[in-house]
Amino acid sequence: MNRELMLHSLNESSHWDIIIIGGGAVGLGAAVDAASRGYKTLLLEQEDFAKGTSSRSTKLLHGGVRYLAQGNFKLVMEALRERGLLLKNAAHVCSNSDFIIPVYTWWGKLYYGFGMKIYDILSGKLGLGNTKIISKAKTHSLLPSIKIEQLKGGIVYKDGQFDDTRLAINLAQTAAEKGATILNYGMVTGLIKENDKIKGVLLTDTLSRKEYQTNAAVVINATGVFTDAVIQMDNPKQPPLVSPSQGVHLVLDKKFFPGKDAMMIPKTTDGRVLFAVPWHHKVIVGTTDTPLDKITLEPIALEEEINFIIRNFNKYQSTSIQKEDILSIFAGLRPLVKIKKVNKTSLMPRDHKIVISSSGLISITGGKWTTYRKMAEDVIDKALVIGQLLKKDCVTKHLKIHGWQNEINKTDALNYYGSDLTELKKLYLENKDWTLLLHPDFPYTKACVILAVRNEMAMTTEDVLARRTRMLFLDAKAAIETAPVVSRLMAAEMNKDDVWIAGQTKSFITLAKRYLIINQQQTL
Ligand SMILES: Cc1cc2nc3c(=O)[nH]c(=O)nc-3n(C[C@H](O)[C@H](O)[C@H](O)COP(=O)(O)OP(=O)(O)OC[C@H]3O[C@@H](n4cnc5c(N)ncnc54)[C@H](O)[C@@H]3O)c2cc1C
């Protein structure tokens with residue numbers, strides 16, 4: 001996947017079957033779907049792939065235990081089916097994990113045990129294994145840091161986990177391999193209309209500032225929390241469709257939550273669930289659900305959200321964590337579909353919605369990362385009708401995602417590169433220096449940076465440290481320390497000068513400071 005080639009194909013073509021605006025889970029999924037059906041597809045992302053909400057998830061592939069409690073069986077079943085498909089089609093970036101619900105009342109043991117059995121049943125043939133009720137001693141051995149006073153035991157259930165941005169990059173690569181033109185730093189600034197019908201888009205390459213106009217049979221708006229901004233390019237009077245809700249995660253050293261299994265706290269003080277999930281040798285704790293009006297690509301955690309997570313996590317731990325223990329804080333905005341008379345975002349359904357304007361603009365929003373493939377299938381089915389394209393069937397149910405491998409070597413710390421691990425190892429032969437680690441606390445080698453530039457369309461230091469590797473999300477201080485070396489490696493590969501190196505390093509450090517607890521407090 002190469003940006004120069006993408007720009008070349010943008011220059012060569014003035015008409016597409018389908019243009020997709022937005023390079024998050026939904027837009028990338030739609031590009032894979034459209035291109036694999038054989039449609040001439042262009043995807044435009046204003047910044048980097050998964051820069052928005054799709055890099056900020058809890059990293060779960062799940063039906064949603066909370067939606068089960070709310071009685072939304074349709075959503076849970078659909079998500080469980082999609083979870084099963086993803087674990088087959090992208091096994092290198094997804095895994096089947098054990099989640100433990102610690103219970104402190106006998107009644108809780110029965111209630112959650114029964115609930116999770118229903119979860120198993122709803123998974124059907126794509127189930128990951130049976131729920132088990134375990135003793136207090138077993139719960140303590142699996143969750144060694146758990147508070148044991150009053151503990152009655154636990155429920156172990158199976159769910160999926162993944163690396164959200166690695167999957168996003170792999171989806172972009174899959175779409176490109178199927179013939180799509182995929183452009184990051186390609187911002188849509190306007191819609192082209194003829195006789196009140198959408199005919200194409202105006203876009204700016206934000207790296208070169210060059211502007212383009214390009215046409216399509218149909219345009220899809222998959223811009224997450226920015227959905228209304230694009231709808232208003234079409235019709236400024238259109239009332240908002242999306243209700244943004246912020247979710248925050250804290251990342252801690254693994255010593256605060258030893259063991260290999262995840263924990264699900266079934267009822268926080270605000271009646272939601274909270275997860276502690278081992279991820280890339282750290283632990284992610286979250287999340288919150290805070291309605292917000294301000295829409296930005298870099299949301300900031302509120303102090304009360306940080307306190308809420310610490311308070312609820314500590315309630316279940318034998319030793320308490322403090323703010324100083326946090327390695328990184330990240331916040332994301334859920335693009336929830338507005339529902340009349342429902343103000344509490346935690347009560348808004350997570351189902352997706354497709355809206356078609358009178359001009360033919362198709363907007364898709366809501367949903368979950370887990371259901372991106374089904375959302376993509378649904379929106380492309382609609383696009384064929386609106387764009388009057390020749391109908392071809394969806395083929396993504398069994399389509400292997402870039403990087404998929406039959407056998408995954410789980411002992412290799414970089415196994416989530418899947419089949420690209422071979423490419424990485426070829427780079428070790430090309431330059432011995434590239435075998436060196438970027439930072440002593442992380443398995444990423446210098447070759448990961450080279451691969452990101454050559455094959456993954458990384459254009460900035462942030463692209464590498466936030467989304468090709470996950471260092472920014474895992475440990476913001478370590479990412480800051482690594483920024484100069486990443487900028488230099490990229491500059492050598494991309495033929496950039498010292499001014500570029502200094503500029504990239506500086507702007508990455510400014511951004512990364514927002515992920516540190518001390519600076520979060522100052523930004524408030
Ligand atoms: C805190 C939190 C935790 C979550 N955890 C989970 C989880 O564990 N599992 C799960 O399944 N789901 C989870 N979700 C939900 C999931 O992350 C989202 O549903 C999904 O990522 C949304 O993807 P999207 O493509 O709609 O939006 P986004 O990822 O935001 O993508 C939209 C893209 O459009 C781009 N864009 C906007 N305007 C323009 C323009 N004018 N031109 C070009 N591009 C533009 C943006 O830059 C952005 O990259 C979570 C969400 C949150 C907030």
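Residues numbered from 1 in each chain as written. Predicted model: local features only at pLDDT ≥ 70, side-chain atom pairs only at ≥ 80, totals over all residues.

Thoughts on the site of the ligand
Basically, it comes down to this: The C-beta atom of each residue is placed using the backbone, and any residue whose C-beta lies within 6 Å of a molecule or strand is treated as near it. Helix and strand labels come from DSSP, where a helix needs a run of H or I of at least four residues and a strand needs a run of E of at least two; each type is numbered from the N terminus.
Taken together, 40 residues lie near the ligand, and Gly22, Gly24, Gly52, Gly224 and Gly247 sit nearest. Of all the secondary-structure elements, those providing two or more residues to the shell around the ligand are helix 2 (25-37), strand 8 (186-194) and strand 16 (326-337). It is strand 16 that provides the largest number of residues to the shell around the ligand, a total of four residues.

Concerning helix 16 (residues 498-512)
Which entries qualify depends on this criterion: For a helix, the expected span equals 1.5 Å multiplied by the number of residues minus one. Between the buried cut of 20 or more and the exposed cut of 12 or fewer other C-beta atoms within 10 Å of a residue's own C-beta lies the partly exposed class, and all C-beta atoms are placed from the backbone. The arc in question is the one spanned by the directions pointing from the helix axis to the C-beta atoms. Each residue is represented by a C-beta atom placed from its backbone, and any two residues with such atoms within 7 Å are regarded as in contact.
In a regular helix each residue adds 1.5 Å, so 15 residues correspond to 21 Å; helix 16 covers 21 Å between its end C-alpha atoms and thus fits that length. Among all positions in helix 16, only Ile501, Gln504, Phe508, Leu511 and Ala512 are buried. Down the axis of helix 16, the buried side of the element spans an arc of 105 degrees, and every buried residue falls inside it. Away from its buried face, by an angle of more than 90 degrees, helix 16 presents the exposed residues Asp498, Val499 and Thr510. Its buried side turned inward, helix 16 meets helix 13 (461-468), helix 14 (471-474) and helix 15 (476-494).

Remarks on the environment of asparagine 312
Mapped onto the secondary structure, asparagine 312 falls in helix 9 (residues 303-314). Given 19 C-beta atoms within 10 Å, asparagine 312 falls into the partly exposed group. With 26 residues separating them in the primary sequence, asparagine 312 and glycine 286 have C-alpha atoms 9.7 Å apart. Asparagine 312 has contacts with Ile265, Thr268, Thr269 and Leu274, leaving out every residue within four places of it along the chain.

Quick notes on the nonpolar core
This is how the line gets drawn: For the purposes of this analysis, a nonpolar core is taken to be any set of buried Ala, Val, Leu, Ile, Met, Phe, Trp, Tyr and Cys residues that are connected through C-beta atoms within 7 Å.
One finds Ile18, Ala31, Ala175 and Ile220 to be the most contacted residues of the largest nonpolar core, which totals 141 residues. Counting residues per element, this core draws most heavily on helix 2, at eight residues. Residue contacts for alanine 175: discarding those within four places in its chain leaves Leu28, Ala31, Val32, Ala35, Leu43, Ala180 and Ile182.

Topic: the domain arrangement of the protein
What counts here: Each domain's limits were defined by an automated method or a database of domain assignments. Three classes are used: nonpolar for Ala, Val, Leu, Ile, Met, Phe, Trp, Tyr, Cys and Pro, charged for Asp, Glu, Lys and Arg, and polar for all others, with Gly counted as polar.
What the domain assignment reports for the protein is domain 1 (3-53 + 165-241 + 348-398), domain 2 (95-159 + 243-346) and domain 3 (415-523). Between the C-alpha centres of domain 2 and domain 3 there is a distance of 29 Å. Taken residue by residue, the interface counts 13 residues in domain 2 and 12 residues in domain 3. The leading source of residues in the side of domain 2 that touches domain 3 is strand 16, at five residues. Residues of the side of domain 2 that touches domain 3, tallied by class, amount to seven nonpolar, two polar and four charged.

Looking at the environment of isoleucine 19
Here isoleucine 19 shows up in strand 1 (residues 15-21). Among the residues examined, isoleucine 19 registers 30 C-beta atoms within 10 Å and is labelled buried. Remark: the alpha-carbon pair of isoleucine 19 and alanine 383, spanning 364 residues in sequence, is separated by 10.0 Å. Sequence-distant contacts of isoleucine 19, defined by excluding residues within four places in its chain, comprise Leu42, Leu44, Gly200, Val201, Ala216 and Val219.

Side note on the pairing of strand 16
As a general feature of sheets, a regular strand has side chains that alternate between the two faces. What counts, and what does not: Note: two strands are recorded as paired if DSSP finds a minimum of 2 bridges between them.
Buried residues dominate strand 16, accounting for 11 of its 12 residues. Strand direction decides the pairing type here: strand 11 (residues 242-253) and strand 16, joined by 11 bridges, are antiparallel. When the sheet's bridge partners are listed, serine 245 is paired in strand 16 with arginine 334.

A short note on unusual backbone geometry
Residue threonine 287 follows glycine 286 across a cis peptide bond; omega there is 20 degrees. With a phi angle near 50 degrees, asparagine 195 is a residue other than glycine that sits in the positive phi range. Tracing the backbone through its elements, the reader meets asparagine 195 in the loop between strand 8 and strand 9 (197-205). The exposure class assigned to asparagine 195 is exposed, which follows from the 6 C-beta atoms found within 10 Å. Positive phi, normally seen in glycine, also occurs at aspartate 196, with a value near 65 degrees. Among the structural elements, aspartate 196 can be located in the loop between strand 8 and strand 9.

Focus on the packing of helix 2 against helix 7 (residues 164-177)
Inclusion rule: Angles run from 0 to 180 degrees between N-to-C directions of axes, and those axes are lines fitted to C-alpha atoms, restricted for helices to the stretch in contact. Small angles under 35 degrees read as roughly parallel and large ones over 145 as roughly antiparallel, with 65 to 115 read as roughly perpendicular and the rest as oblique. Put simply, a crossing is left-handed when the front helix is turned counterclockwise from the back one by less than a right angle, and right-handed when it is turned clockwise.
With their axes 8 Å apart at the nearest point, helix 2 and helix 7 run at an angle of 25 degrees to one another. Here helix 2 is positioned roughly parallel relative to helix 7, judged by the angle of their axes. With respect to the hand of their crossing, helix 2 and helix 7 are arranged in left-handed fashion. Counting all contacts with helix 2, which are made through Ala25, Leu28, Gly29, Ala31, Val32 and Ala35, the residues of helix 7 involved are Ala168, Leu171, Ala172, Thr174 and Ala175. Its residues assigned to classes, the contact of helix 2 with helix 7 comprises nine nonpolar, two polar and no charged.

A few points about helix 13
Among the eight residues of helix 13, eight are classified as buried, and the element is accordingly described as predominantly covered. Three or more residues of helix 13 are buried, namely Thr461, Glu462, Asp463, Val464, Leu465, Ala466, Arg467 and Arg468. Looking at the packing, one finds that the buried side of helix 13 touches helix 7, helix 12 (446-455), helix 14, helix 15 and helix 16.

Quick word on the pairing of strand 12 (residues 262-265)
For strand 4 (residues 94-103) and strand 12, the ladder comprises two bridges, and the chain directions are parallel. Considered in strand 12, the bridge of isoleucine 100 is made with methionine 263. By the bridge criterion, three bridges tie strand 12 to strand 13 (residues 274-279) in an arrangement that is antiparallel. Bridge pairing in strand 13 places isoleucine 265 opposite leucine 274.

What about the environment of tryptophan 16?
Note on placement: tryptophan 16 falls in strand 1. Separated by 26 residues in the primary sequence, tryptophan 16 and leucine 42 have C-alpha atoms spaced 6.8 Å apart. The contact partners of tryptophan 16, leaving out residues within four places of it in the chain, are Lys40, Thr41, Leu42, Thr214 and Ala216.

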